[in-house]
Structures are given as structure tokens and as C-alpha cells.
Number of protein chains: 4
Amino acid sequence: MAGVVEHSLVQRHVFPRMVRFADIDSLGHVNNVRFFDYLEDARLGMLHIDPYRAGDAPFKGLVVARHEIDYRRPLTFRADPVNVETWVTEIRSVRFTLEYEIKDDREVFVTARSVIVAYDVESAAPRRLNTDELAYLKRYSI
Amino acid sequence: MAGVVEHSLVQRHVFPRMVRFADIDSLGHVNNVRFFDYLEDARLGMLHIDPYRAGDAPFKGLVVARHEIDYRRPLTFRADPVNVETWVTEIRSVRFTLEYEIKDDREVFVTARSVIVAYDVESAAPRRLNTDELAYLKRYSI
Amino acid sequence: MAGVVEHSLVQRHVFPRMVRFADIDSLGHVNNVRFFDYLEDARLGMLHIDPYRAGDAPFKGLVVARHEIDYRRPLTFRADPVNVETWVTEIRSVRFTLEYEIKDDREVFVTARSVIVAYDVESAAPRRLNTDELAYLKRYSI
Amino acid sequence: MAGVVEHSLVQRHVFPRMVRFADIDSLGHVNNVRFFDYLEDARLGMLHIDPYRAGDAPFKGLVVARHEIDYRRPLTFRADPVNVETWVTEIRSVRFTLEYEIKDDREVFVTARSVIVAYDVESAAPRRLNTDELAYLKRYSI
């Protein structure tokens, strides 16, 4: 539509992750299982450590309900970190979906998606996401 | 329907896997990432160790192209192993799909699916599955 | 001395441990850190799972105070497990020492030693080993 | 000698290491095995990544011959990294010894020591440390 500039407001969370020597398997590549460590570190940074540094702690209990991961290109050892970019694609009453890319300036090595469920530890059951959690997630939502 | 005998010819590969103390996270459950170790151990048993023990080594180079995993119920520490059951659901010229259940006699904890690609290490490129590989996969195919 | 038969009454705990694909690093050997998983699995088997199967649970809280490990020979991937042999070399009021060998029929790959302290979780402090714990340890003591 | 002030010129290598969620075991502390990951990351930073960034690559093949570790205080999850400080205490013709402290501003959690052997991958045998390696190690030696 004339005059309307379409622009993306999606803000991705960017987490630089060192490639650890222990990530490399006998083929010389980061092992497929180890990439879930990268996703876990990025997720923890986005949902817990970043808000904590800002004096905040929006998220109560969360559990992973599902992961999907596609391996695009092999990643070999390097001195500089790769970036894990994370954003939110779906928010429902008791769960939300994260999407990720693990990449450097030139290539995407991995794309992935996780479904995260809000969880009440005491009752050991799903619970509704509260207002603070929803507000925080919207910062990174499409 | 009369005269029709429904029967499954699917043979699942069964791999008993000990729950390791190191698998348990601070919530007291097997951590979501650690279940990929269970799948990896089962897959290695099915595709490499079992045929090796039978004097065979059908598989050349294989790489994981994709994983999907759904967490059904939390798994806590136990003295007895859980079973990883694995079977083949799709065979194409350069790849095949494995499905898994991690379970005990009463419950399914995890269901998962992996796409595995035949890979030529020297040319660092996909290759066609050969006759021995295809024959072995058919033992566990629907 | 003539007429004296020296014989060992030491009973070692033997724990067969599969070599996992994930244990192998980019040099093609079991990574030095991964051997601590072997020791942990063996220790858990000896101190918790074995007595549990016998209807017993002698050990309350234990923490590792020290490890020493010597790498004797590289261990490469193999279809058969290696054995972790464990025995007790020193028992004091609040701690004991375990020694280990990781080996197959022909070679010793690793020797190690751990100091384990009896620990009271509630007070977060060392505690004295109790009678049941001491009796169990003596089965594997020199 | 009168008038002579003995002072240490020891420069320690300092590596900040994030506490990973996956490091925490079911007791809520960093698991004893996981601390070897901290040491490995610090050692790789000191011996490979730092010189690489400086346009240098002094070390050829190295293998770990021995580790010793003492657990001083439990380390719990925190948003800020801990420091792994590393220095060299002994240099011989084919090996050297590293000492480490894992600490924050107030406490030491772990002290450790590793014996590292210069290794020739092709001949799969120890080799003499070369001039460049010796020069680099002396920067961090007592």
C-alpha cells in the first residue's frame, strides 16, 4: 500500500557461543547432539540471565516439550564464537515456540525450533503464562 | 474385516540404556538434551555394533540431517535401564528416517525421529545408499 | 617367609562400561574428561545400584573431595565394553578413598583415585560414616 | 639476602567461564566432572586460542598425562562467569605442569594440576618441546 513502509519489528536475541574443543567429534565437526548445548545456553541467556541482569526475573517454571533441528552445514573448530539467534514465533496460553539460527557472518549451520511449556513445579503440571512472561516474550515475537 | 488378518511385520531394534546420574538435572529429571545421548547410543548399536558382532559392517558414512523429539513424561533416576526402541519409516536413495520410543514396561517418556543421510567422507557430499545398507534397513522397516 | 602364603583378599568391584561414540574426540581417542564419566558410572554402580538391587541402601550423602587420574594408554572405539575395577584403599571417620583401573583383558588404559566424603545434605557439612556404610566399604577394602 | 625483596613475577592466564545450566547436578551444584570442562576450556584458550589471535601457533601436539583436582567449595548457578586462573609450575624436556584455580572475587572453588606431554601424532609417541613452545610456557611460569 502506497506510503506504507513494511518493516520488520522482529528483534532477535543474539548469543555468542564459543565452539568448545569437546564439541568436536571424531569426524572433525561439532557433533549433532552438542548443538543442543548451544541452544540451551542461548535460551538460558535470553529467558533468565538477560532479565536477571536488568533486575528482573519474569519466568517461573519452564520445561521443553519439543525440539526440531536441521543441520545445514558442518561447523568446525574456530577461535571466534558463532552466534545463536533466537526469536518467538507463537505464544499460546500455556506455551510458546522459539526459533533459532546458529550462524556466523557468512553461513547458517543449524536452524531449530523448540516448544516451551509453562510449568508449575509444585503441582507438576502445566500452568498459564503470566503477564510478565507474556510481555517479555513479545519483545522477541514476530 | 473378515478374512483380513492385520499383522505388523515391523521389527523394532531394542536397546537397553542405563539412566546415568549425570543425565539428571537440577529439577531431578533426565535433562532434555541428554535424551539425544540415548538416541545416539541406540542408533550406534543398531547400525554399527550389532552388525559388527554378526561379522558385518554394512554402513559406510552417515550423518544426521534432522532430529525431532517430543518429551511425553519426565524420566527420573532408576536402577534399571529404559528401552530405546528404533525402527525405519522411510528409505530414499540417499537418506532414511528412524523413529524412536524411549520407554519402560508402563510408560513412553520420549518419541523422536531422525533423518540420516548417506555421506561420502572423501568427497564431503551425500551419496546413494548401497545394496547392503538397504538390505539391513529393511529388517527394521514398516 | 617360608610357609607363609601371601594372598590378596581384595575383592574389586567390576563394572563393564560401553565406549560411547560421543566419548571419542577429534584425535580418535576417548577424551581425557570423558573417563570421569566411566569412573562416575562405576562408582554409582558400586555404592548405590548394586546395594539397591540387594534390597539395601547403605550410603546416605556422599560428595567427591578429590580426584587423581593417570592416562596410561589411549583407548579407541570398540564394540565391547571395557571394565572399570574399583576398590577401597583407606577408610577414615568421615571419608574414604577409592582406587580404579579402566582396562580390558590385555591393557590398563587409566588408573585413578578418588577421595569421597560423607556429607549431610541438610547441614551442608561433613558427617561420620555410619556402621552400614563402613561394613559395605570393607567388602572392597584391602 | 638483606635488602632483596622476593616477589613473584608469575603471570596467570585468566579465563572467564560461564556456569552452564547443564553443569548443575541434582544436588544443585556444579557436578565434579563438569569442572574438567572448565579446565579444558581455559587450557585451550591459553595454549591455542590466545596465541592464534596473536598470529601465532606455538603448540603442535599435546596430550594430557595426568590430572589432580581438589574440590574446595560447592559452586552454584550464577549469571556471572567464574575465572579459571592457570599457570605453569614445571617444564621438562617432553612435558610441563599446569596449575589452576577456579574462583570468583571472594572464594576458590577448585584447585587442580595437569601434566601435559608433547606428543607427535604421526609417530604416536612423546616428543621434545620445541623452542617456541618453551618460550610461550615461560610467560606463565614461576
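Provided above is the structure to which this section pertains.
Attention here is on the structure that accompanies the text.

Conventions adopted
- Residues numbered from 1 in each chain as written.
- Chains lettered and ligands numbered in written order.
- Predicted model: local features only at pLDDT ≥ 70, side-chain atom pairs only at ≥ 80, totals over all residues.
- Heavy atoms only, no water.
- Buried < 20%, exposed > 50% of the residue type's maximum accessible area, 1.4 Å probe, protein only.
- Helix = DSSP H or I, 4+ residues; strand = E, 2+ residues; numbered from the N terminus.
- Pairing = 2+ DSSP bridges.
- Least-squares fit on C-alpha atoms with pLDDT ≥ 70 in both.
- Contact = heavy atoms within 4.5 Å.
- Buried area = accessible area lost by both parts, 1.4 Å probe.
- Salt bridge = Lys/Arg side-chain N within 4 Å of Asp/Glu carboxyl O.
- Polar contact = N/O pair within 3.5 Å; in protein donor to acceptor, adjacent residues only side chain to side chain.
- Nonpolar A, V, L, I, M, F, W, Y, C, P; charged D, E, K, R; others polar.
- Phe/Tyr/Trp six-rings, centres within 6.5 Å; stacked < 30°, edge-to-face > 60°.
- Lys NZ or Arg CZ within 6 Å of the ring centre and 35° of its normal.
- Expected span 1.5 Å × (residues − 1).
- Bend = angle between axes of the 7 residues up to and from the residue.

Looking along a regular strand, one sees side chains alternate from face to face of the sheet. All names here are of chain D. In terms of burial, strand S4 (residues 95-103) is a largely internal element, eight of the nine residues being buried. Where strand S3 (residues 82-91) and S4 come together, eight bridges link them in antiparallel fashion. Residue pairing in the sheet places Glu-90 in a bridge with Thr-97 of S4. Strand direction decides the pairing type here: S4 and strand S5 (residues 108-120), joined by nine bridges, are antiparallel.

When chain C is fitted to chain D, the residual RMSD is 0.0 Å, and the transformation amounts to a turn of 180° plus an axial shift of 0.0 Å. The transformation relating the two chain copies, once decomposed into turn and shift, fits a two-fold axis. By C-alpha distance to the rotation axis, the residue of chain C lying nearest is Glu68(C), at 2.2 Å. By residue overlap, the copies meet face to face through one surface: 100% of the interface positions of chain C are interface positions in chain D.

Let us now look at the relation of the copies chain A and chain B. For the pair of chain copies, the relating operation is a rotation around an axis with a shift along it. Overlay of chain A on chain B (RMSD 0.0 Å): rotation 180°, translation along the axis 0.0 Å. Counting the interface residues of chain A, we find that 100% of their copies in chain B are interface residues as well, pointing to one common contact surface.

Note: interface size is frequently given as the accessible area lost on complex formation between the parts. Counting residues at the interface gives 18 residues for chain A and 18 residues for chain B. Counting the surface lost from both chain A and chain B, the interface buries some 1600 Å², and carbon and sulfur atoms represent 48% of this. The partner of Glu68(B) in a salt bridge is Arg66(A), and the shortest N-O contact between them spans 3.1 Å. The interface formed by chain A and chain B contains 12 residue pairs in polar contact (both at pLDDT 80 or more). Every element with two or more residues in the side of chain A that touches chain B is listed here: helix H1 (35-53) and strand S2 (62-71) of chain A. Looking at side-chain class alone, the side of chain A that touches chain B contains seven nonpolar, four polar and seven charged residues.

This next bit is on unusual backbone geometry. All names here are of chain B. Residues other than glycine seldom take positive phi values, yet Ala-124 does so here, at roughly 50°. With respect to the helices and strands, Ala-124 occurs in the loop between strand S5 (108-120) and strand S6 (125-126). For Ala-124, a relative accessible area of 49% puts it in the partly exposed group.

Turning our attention to the interface of chain C and chain D. Contact residues are listed per partner, giving 18 residues for chain C and 18 residues for chain D. Around 1600 Å² of area is buried between chain C and chain D when both sides are counted, 47% of it from carbon and sulfur atoms. Ranking the residues of chain C by area buried against chain D places Val33(C), Arg66(C) and His67(C) at the top, with a combined share of 27%. On inspection of chain C and its partner chain D, the count reaches four salt bridges. On the surface where chain C and chain D come into contact, there are 12 residue pairs in polar contact (both at pLDDT 80 or more).

So, on to the environment of Tyr119(A). On the secondary structure map, Tyr119(A) appears in strand S5 (residues 108-120). Judged by its relative accessible area of 16%, Tyr119(A) is buried. C-alpha separation for the pair Tyr119(A) and Ile49(A), spaced 70 residues apart in sequence, amounts to 19 Å. Setting aside chain neighbours within four positions, we find Tyr119(A) in contact with Gly61(A), Leu62(A), Val63(A), Ala124(A), Ala125(A), Pro126(A), Arg127(A) and His29(B).

On to the packing of aromatic side chains, then. Throughout the structure, instances matching the rule amount to 22 aromatic pairs over all chains. Plain terms: the ring middles of Phe35(B) and Tyr38(B) are 5.4 Å apart, the flat faces sit at 50° to each other, and that makes the pair tilted. Taken together, the residues span about one helical turn, with Phe35(B) and Tyr38(B) both in helix H1 (residues 35-53) at a distance of three residues. Between the aromatic rings of Phe59(C) and Tyr136(C), the centroid separation amounts to 5.7 Å while the plane-to-plane angle is 85°, which identifies the pairing as edge-to-face. Within this pair, whereas Phe59(C) is found in the loop between helix H1 (35-53) and strand S2 (62-71), its partner Tyr136(C) is found in helix H2 (residues 131-138), the two being separated by 77 residues in sequence. When sorted by exposure, Phe59(C) lands in the same class as Tyr136(C), which is buried. When the ring centre of Trp87(D) is taken as reference, the NZ or CZ atom of Arg12(D) above it lies at 3.7 Å.

We now examine H1(C). Quick reminder: α-helices carry 3.6 residues per turn. Residues three or four places apart thus point the same way. Residues and elements named next belong to chain C. Taking 1.5 Å as the rise per residue, H1 with 19 residues should run 27 Å; its terminal C-alpha atoms sit 25 Å apart, in good agreement. If you look at H1, its biggest bend is around 45°, right at Gly-45. With 15 of 19 residues buried, H1 is to be regarded as a mostly interior element. Gly-55, located one to two residues past H1, shows a positive phi value of around 80°.

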